[in-house]
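Observations on chain architecture
The residues making up each chain are set out below.
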Amino acid sequence: MARRPFLIPLMAVLALAGCGQRNEGALDIAFIASEDSLFATGLRISSGAQHLRAATGAGLVALDAQGETVPALADRWIVTDDGLSFIFRLRDGNWPDGREITAESARAALLDVQRRLRGTSLGLDLAPIEEIRAMAGRVVEIRLSGPVPTLLQLLAQPELALSNGGEGAGPMQVEREGSLAVLSMKPPEARGLPEDEDWEEHVRPVRIHAAGAQQAIDLFEDGEVETVLGGRIGSLPLADTGPLSRGTVRIDPTIGLFGLQVRRAEGFLATLEGREALAMALDRDALLAPFNIGGWVATTRLVPPGLPGDPGLVTERWAGEDVEQRRAEAAMRVSNWLMESGAAGEDGAAVLTVSMGDDPGLQTLFRQLASQFATIGIRLDRATDSRSADLQLVDRVARFDGPRWFLDQFNCSLRRGLCDEDADYLVEQALTERNPQTRASLLAEAEASLTLSNVYIPFGSPLRWSLIRGNVNGFAPNRWGFHPLPPMATLPR
């Protein structure tokens, strides 16, 4: 399904001449994140830490500003006709510690990352990798158990940056100055590029400020930063700063998961019918109406429609039924359960709890959910302890545009909530299936199984936003909501 970038103009007047319009000196970026999360290490890292990792580390390939895969440690590659082998030619150069980048050292680094990612959703995504071979010279081969058309996108993820036991081999280096991350470009030869005597004239440092949402927006409005990254639906209402705003909100046309996951099969949520009643009650278009997001597409599907290779076997639920019809059926199920269980709250409603943040946008979302669930006799409360919540808000951008990413997020091994072992089995079968039609059918069956089990209640696509001054180069909205720092550090020649 074709998607287009959304823009919410906030600028009603031109910026005052000379205010925040500098092209020289450092580029200041406020990232909506805590200081601890920005500088986090390991493999389970925040969006801010992912941006730092991608700038200072390098995998075989990387993401550019448009979200496309481009060369990194590998300067070129080929894919065999059967799709079972990706062969990478590594660029000439050395690791940061001075040792040569060789096929053997790259293979060892890949195996190390693969090992450390076990037990994570990214580890599940890497499951089709059957063997990594070091071939002659600087050639590395990745052999697969079945075709993975999205492998390059997966290898470009920041967590798959490779190292040889030392610092990252990415295009930038970072120094921490208190709460600031100060990044600077490495010389061209350290980036696998030809020497250039004038290279420093065409790059600038990037200073990342960890900030709360309101603080980040204030810094932008005061001209202290040129860019704000890391915006989500919770902070979006804060970004509407009125006619004096000197920038624009850019909303990424992201794909991913945005909805509620059922944590456990207990009480009203113990049955398929009970869980389905929640999904039936939602008017998804009305859910985000207070945010006034043009172009946002609601869906009842776990896997977004129109992904490459979608066989069209799974369609939107309840087509042709209006929301009032669905709510009448859902209300009857709630009423029957209350009579049988005698578990009504003081107000006579069934009570469920949800774990979600309390940012302004999430407060609005909670009120919308509570209002809609009330129409079928359910009182929705905020969970005082996320571990005991009945429902969990899921707000996650996809890493690649294949159905397997979406299905892997609910794998039982991750213990994120209620799951479906039948769906996991079908996904596992698809990993070794070489016929593309059969593989697509298996993944569609897995989606159908997860859908019918009602372990997840989709709303639509997740929302990611940024504030961008007009003079910032190297930024582009994209479906991954990821904005690499090196392009923004590069000045036009």
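Residues numbered from 1 in each chain as written. Predicted model: local features only at pLDDT ≥ 70, side-chain atom pairs only at ≥ 80, totals over all residues. Heavy atoms only, no water.

**Re helix α14 (residues 436–453)**
Here α14 spans 26 Å end to end across 18 residues, near enough to the 26 Å set by a 1.5 Å rise per residue. Looking only at α14, the buried set comprises R439, A440, L442, L443, A444, A446, E447, S449, L450, T451 and S453. Buried positions along α14 lie against α8 (272–281), α12 (403–408) and α13 (421–431). Where α14 starts, the residue carrying a side-chain oxygen 3.0 Å from the main-chain nitrogen of Q437 turns out to be N435. (Helix = DSSP H or I, 4+ residues; strand = E, 2+ residues; numbered from the N terminus. Expected span 1.5 Å × (residues − 1). Buried < 20%, exposed > 50% of the residue type's maximum accessible area, 1.4 Å probe, protein only. Contact = heavy atoms within 4.5 Å. Polar contact = N/O pair within 3.5 Å; in protein donor to acceptor, adjacent residues only side chain to side chain.)

**Let's talk about the sheet that holds strand β5 (residues 74–79)**
Taking strand neighbours across the sheet as the criterion, the four strands line up as β5-β6-β8-β7 in an open arrangement whose pairing is antiparallel. Each having just a single partner strand, β5 and β7 (129–134) make up the two edges of the open sheet. Neighbour to neighbour, the strand axes of the sheet diverge by 20° on average, direction disregarded. Two elements, β5 and strand β6 (residues 85–90), share five bridges in a ladder whose sense is antiparallel. By the bridge assignment for β6, I78 is matched with I87. Its contacts with the sheet put helix α3 (residues 103–116) on β6, β7 and β8 (139–144), and the angle it makes with β7 is roughly 155°. (Pairing = 2+ DSSP bridges. Axes fitted to C-alpha atoms, helices over the stretch in contact; angles between N-to-C directions.)

**Examining unusual backbone geometry**
The residue W318 is not glycine, and still its phi comes out positive at about 60°. One non-glycine residue, N454, lies in positive phi territory at about 55°. One can find N454 in the loop between α14 and β18 (456–458). Classification of N454 by relative accessible area gives buried; the value is 2%.

**Here we look at the pairing of strand β12 (residues 227–232)**
With three bridges connecting them, strand β2 (residues 27–32) and β12 associate as parallel partners. Of the residues in β12, the one forming a bridge with F31 is L229.

**Structural notes on the confidence of the model for the protein**
When pLDDT is averaged along the protein, the result is 91; 94% of the residues meet or exceed 70. Here residues 1–23 is a poorly scored stretch, pLDDT under 50, and it has 58 contacts once near neighbours within four places are set aside; other chains count. (pLDDT = per-residue confidence, 0-100.)

**Section: α13**
Those residues of α13 that fall on the buried side of the exposure criterion are A423, D424, L426, V427, A430 and L431. Projected onto a plane normal to the axis of α13, the buried residues spread over an arc of 165° and lie on a single side. Counted as exposed and oriented over 90 degrees from the buried face of α13: E421, D422 and E428. Structurally, α13 contributes buried residues whose contacts are with α12 and α14. Capping the start of α13, D420 holds a side-chain oxygen 3.0 Å from the backbone nitrogen of D422, two or three residues further along. (Arc of directions from axis to C-beta.)

**Re the state of the cysteines**
Counted by the stated rule, this structure contains one disulfide. Sulfur-sulfur distance for the disulfide between C412 and C419 comes to 2.1 Å. The chirality of the disulfide connecting C412 with C419 is right-handed, given an S-S dihedral of about 105°. According to the relative accessible area criterion, C419 is partly exposed, its value standing at 28%. (Disulfide = S-S within 2.5 Å.)

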